[in-house]
Amino acid sequence: MSTQDKVKINKLPTGVPGLDEIVGGGLPEFSFNIIAGAPGSGKTTLAHQFVFANASSERPALYFTVLGESAIKMLRYQQQYTFFDPARLPGSIRFINLSQVVLEQNLGAVLEEITKEVEKTNPAVVVVDSFRTMVRKQESDMDLQSFIQRLALFLASWQATTFLIGEYAEDELRDNPIFTVADGLLWLRQTAERNSIVRKLQIVKLRGQDSVPGLHTFRITEAGVQAFSRTFGLTARKRNPPSDRRLSFGIAELDKMLGGGVREGDSVLVAGSSGTGKSVLATQFIAEGIRQGEPGIVAVFEERPQAYAERAASLGLDLETPQKDGKLTILYLRPLDLSVDETMHSILDAVQKIGAKRLVIDSLAGFEMALSPGFRADFRESLYRMIFALTGIGVTILSTVEVDESFTEFTFSTYSVSFLTDDIIRLRYVSIDGQLRKVMVVIKMRGGNHAKDIREYEITSKGVVILGKRLANYQGLISGIPVHSDRPDLTEAPSLDTGIEHKT
Amino acid sequence: MTAIPGMRDLAHRLLTYEAGLGKSSESMESPATRVYEKLRQSLGEFVGVAGFYSLATRALTLSRPEVPSLIAVRVAADGSLRGLGEIENQFDIDKDQAGEGGIVLIARLLGLLRIFLGEALTLSLLRNAWPGAAFDDQNSALGRKA
């Protein structure tokens, strides 16, 4: 059978930002779906968003309310959401109360009532909220199965996309005849983790659709439910082939150490202890990008954008003008109770909005601390997914990370995130000639050669300035307490690594 | 406690509108009863019988201090109103007083809708129940264009 012969299933917008991508482009038209979850998990709000996104005066939505939240209160609360347009009631969206039928009669009468209204209205969308309250009556399993079967058949034949909303616990997922009949099963979860509420949704089942598996964070705001796909909406985008282009830091000696600069699309980690100039280096990286016409994003967690720009100005770097010109966005992210996915979506939105080519995350520790404790467990996994997604479309990411300085070992990152990075630049203090001086070394460059030299640098009014040649007359520099050696310095040019990766 | 400003005017306009329809249809029911019944049908669909009954009894209770004769009016279990016609007939001589109970009751009911559902949604529901009526009178609290 050719593609032309196959039936085309239209995909309806869910009206929930981020959910279309998760369900594979929209919900199948005429599908019979269940939205399940605990009370307060956002089931009704999600259904309302779908209704408002799809109902029209020609093909309205029928919203049957059963036992549970009173319709008048439901409308009172739901209209607080920005998607709720009162003018569309009752012309495009009709609410019908079935409480009396459920209380006084049986499932057959309920079906009859729904049938009557559907035949009269010809709706595009039908919602039964809460379906579960009907089921609790003393009906046999067979009655229930028969009811569901007939309801699903009838509503599909009448070309309606249907949602049954029900309060279900996790352990009710198995062997449930209702779930067997359903084409789609959306499960909303909310759990308390320490002092935070973590909301996640899962597409347990969706016939005929390539939905994104796994648990996706969602949030309920004044705009309703907003979902955050685990894949950040970038699954459909092709990964760019690896680039040979090198991006400059605007520090000639550092570019040389990096074999010509950072490879475009790399993830760079700048690690060092407090005061070693990680943020200065990051600022120079973003400023140089802007100078070369590459828009940038700086995500800061430990200082406000104004302070960040002022600090850059003290280094002679103008970050105000590119912000006004739409070439630079400084994101101040102190989400506190936000999930890592939501925070990363903010970064992604900013990246996509200005077409950023460089992204600075300053710092990873600040990022993690800004998350609510319940989400920190997901931090590295989500960070990995974001870095993978962004570098795949050619964005070069520089992250800073604070390292606890030790004079007995030389850690690259206490963070165990070095696996996320292509390149690592390590900054550290050393004790030389009675002074606490700074050195930097390129630890790793996945894509090519880099200098093995340990170079001294200073932070001046011009930013990071690399001094002289490599420190050849010292042994044990990386310990932080080097010993002076009498061996003469014979090397003029920086020596390049052969590309062999160091263990990180 | 008097009715929410604007509700009385809106109730009055609905009753006037229904009175106009009544002349052509030769309905035996009073305009107030017909307005109430239309609200019962329209609201009952989505709030249910029990939901409408609750709203109607509350509106009636709030109305009684303003129109003591409403003490004789009852809301039946199905939400329908009992006794309004009778008290209206008792005031055959003074037509203004006769209509007062109905106006206040309807105003109170509309006031509750406005409190719970807001102005925009209340207007949408009224437009649906009275498709021929105009609700865009600038002078009315609920009559502004939504």
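Just so it is clear, the structure is predicted and the values come from calculations on it, not from any experiment.

**As for the overall build of chain B**
Alright, step 1. Along chain B, the regular secondary structure elements total four helices and two strands.
Alright, step 2. Sequence-ordered secondary structure for chain B, helices as α and strands as β, is α-α-β-β-α-α.
Alright, step 3. The proportion of buried residues among the 146 residues of chain B is 41%.
Alright, step 4. A separation threshold of at least 6 residues defines the contact pool for chain B, and within that pool the share at least 24 residues apart is 59%.

**A short note on unusual backbone geometry**
Leave glycine aside and you will find that most residues have negative phi; peptide bonds, for their part, are mostly trans.
Residue and element names in this part refer to chain A.
Alright, step 1. Cis rather than trans, the peptide bond between L89 and P90 has omega equal to -5 degrees.
Alright, step 2. Assignment of secondary structure puts P90 in the loop between α3 (71-78) and β5 (93-97).
Alright, step 3. Cis rather than trans, the peptide bond between D129 and S130 has omega equal to -5 degrees.
Alright, step 4. Unusually for a residue other than glycine, F30 sits at a positive phi of about 70 degrees.
Alright, step 5. Tracing the sequence through the fold places F30 in the loop between β2 (27-28) and β3 (32-37).
Alright, step 6. Residues other than glycine seldom take positive phi values, yet D433 does so here, at roughly 50 degrees.
Alright, step 7. Tracing the chain through its elements places D433 in the loop between β19 (423-432) and β20 (435-445).

**Details of the interface of chain B and chain A**
The parts lose accessible area when they come together, and the size of an interface is often stated as this lost area.
Alright, step 1. Taken together, the contact between chain B and chain A spans 16 residues of the former and 16 residues of the latter.
Alright, step 2. Taken together, the elements giving at least two residues each to the side of chain B that touches chain A come down to α2 (31-63) and α4 (95-129) of chain B.
Alright, step 3. With eight residues, the top contributor of residues to the side of chain B that touches chain A is α4 of chain B.
Alright, step 4. Of the residues that constitute the side of chain B that touches chain A, the class distribution is 10 nonpolar, five polar and one charged.

**Notes on the pairing of β3 of chain A**
Residues and elements named next belong to chain A.
Alright, step 1. Counting buried residues along β3, six of its six residues qualify, which places the element largely inside the surrounding structure.
Alright, step 2. Both faces of β3 are covered, namely the face carrying F32, I34 and A36 and the face carrying N33, I35 and G37.
Alright, step 3. Pairing analysis gives six bridges linking β3 to strand β7 (residues 161-167), with the strands arranged parallel. Directly across from G37, in β7, lies its bridge partner E167.
Alright, step 4. Pairing of β3 with strand β8 (residues 184-193), which is carried by five bridges, proceeds in the parallel orientation. By the bridge assignment, G37 is partnered in β8 with L188.

**Points about the packing of helix α13 (residues 340-354) of chain A against helix α16 (residues 379-392) of chain A**
Residue and element names in this part refer to chain A.
Alright, step 1. Two elements in contact, α13 and α16, have axes separated by 10 Å at closest approach and are oriented at 20 degrees. Viewed along their axes, α13 and α16 adopt a mutual orientation that is roughly parallel. Here α13 and α16 pass one another in a crossing that is right-handed. In this structure, α13 contributes V340, D341, M344 and V351 to the contact, and α16 contributes F379, S382, M386 and L390.
Alright, step 2. Among the residues making up the contact of α13 with α16, the classes are represented as six nonpolar, one polar and one charged.

**A look at helix α10 (residues 278-291) of chain A**
Alright, step 1. With 14 residues, α10 of chain A should reach 20 Å at 1.5 Å per residue; the first-to-last C-alpha distance of 20 Å fits that figure.
Alright, step 2. Immediately beyond the C-terminal end of α10 of chain A, within one or two residues, lies G293 of chain A, with a positive phi of roughly 85 degrees.

**Comments concerning the environment of G79 of chain B**
Residues and elements named next belong to chain B.
Alright, step 1. Following the sequence through the fold, G79 ends up in the loop between β1 (74-75) and β2 (81-82).
Alright, step 2. Separated by 40 residues in the primary sequence, G79 and E119 place their C-alpha atoms 23 Å from one another.
Alright, step 3. When neighbours within four sequence positions are excluded, G79 is seen to be in contact with R40, G44, V49, F52, Y53 and A56.

**Quick look at the sheet that holds β8 of chain A**
Residue and element names in this part refer to chain A.
Alright, step 1. What the nine strands build is an open sheet, ordered β5-β4-β6-β7-β3-β8-β9-β10-β11; its pairing is mixed. The outermost strands of the open sheet, each flanked by one partner alone, are β5 and β11 (224-228). In this sheet, adjacent strand axes meet at a mean angle of 25 degrees when their direction is disregarded.
Alright, step 2. Note that strand β4 (residues 61-65) and β5 share five bridges and pair parallel. Following the sheet pairing, L62 is matched in β5 by R94.

**Points about the sheet that holds strand β22 (residues 463-466) of chain A**
All names here are of chain A.
Alright, step 1. Across the sheet, nine strands lie side by side as β16-β15-β17-β18-β14-β19-β20-β21-β22; this open sheet has mixed pairing. Where the open sheet ends on each side, the last strands, each with one partner, are β16 (328-332) and β22. The average angle at which neighbouring strand axes cross in this sheet is 25 degrees, direction not considered.
Alright, step 2. Bridge analysis of strand β21 (residues 454-460) against β22 gives four bridges, and the strand direction is antiparallel. Its bridge partner being in β22, I459 is matched across the sheet by V464.
Alright, step 3. Contacts from α10 reach β14 (267-272), β15 (296-300), β16, β17 (358-362), β18 (396-402), β19, β21 and β22 within the one sheet, and its direction differs from that of β17 by about 160 degrees.
Alright, step 4. Where α16 meets the sheet, it contacts β14, β17 and β18, and its direction lies at approximately 150 degrees from that of β18.

About the criteria used
- Residues numbered from 1 in each chain as written.
- Chains lettered and ligands numbered in written order.
- Predicted model: local features only at pLDDT ≥ 70, side-chain atom pairs only at ≥ 80, totals over all residues.
- Helix = DSSP H or I, 4+ residues; strand = E, 2+ residues; numbered from the N terminus.
- Buried ≥ 20, exposed ≤ 12 C-beta atoms within 10 Å, placed from the backbone.
- Contact = placed C-beta atoms within 7 Å.
- Nonpolar A, V, L, I, M, F, W, Y, C, P; charged D, E, K, R; others polar.
- Pairing = 2+ DSSP bridges.
- Axes fitted to C-alpha atoms, helices over the stretch in contact; angles between N-to-C directions.
- Parallel < 35°, antiparallel > 145°, perpendicular 65-115°, else oblique.
- Left-handed = near helix turned anticlockwise from the far one by under 90°.
- Expected span 1.5 Å × (residues − 1).

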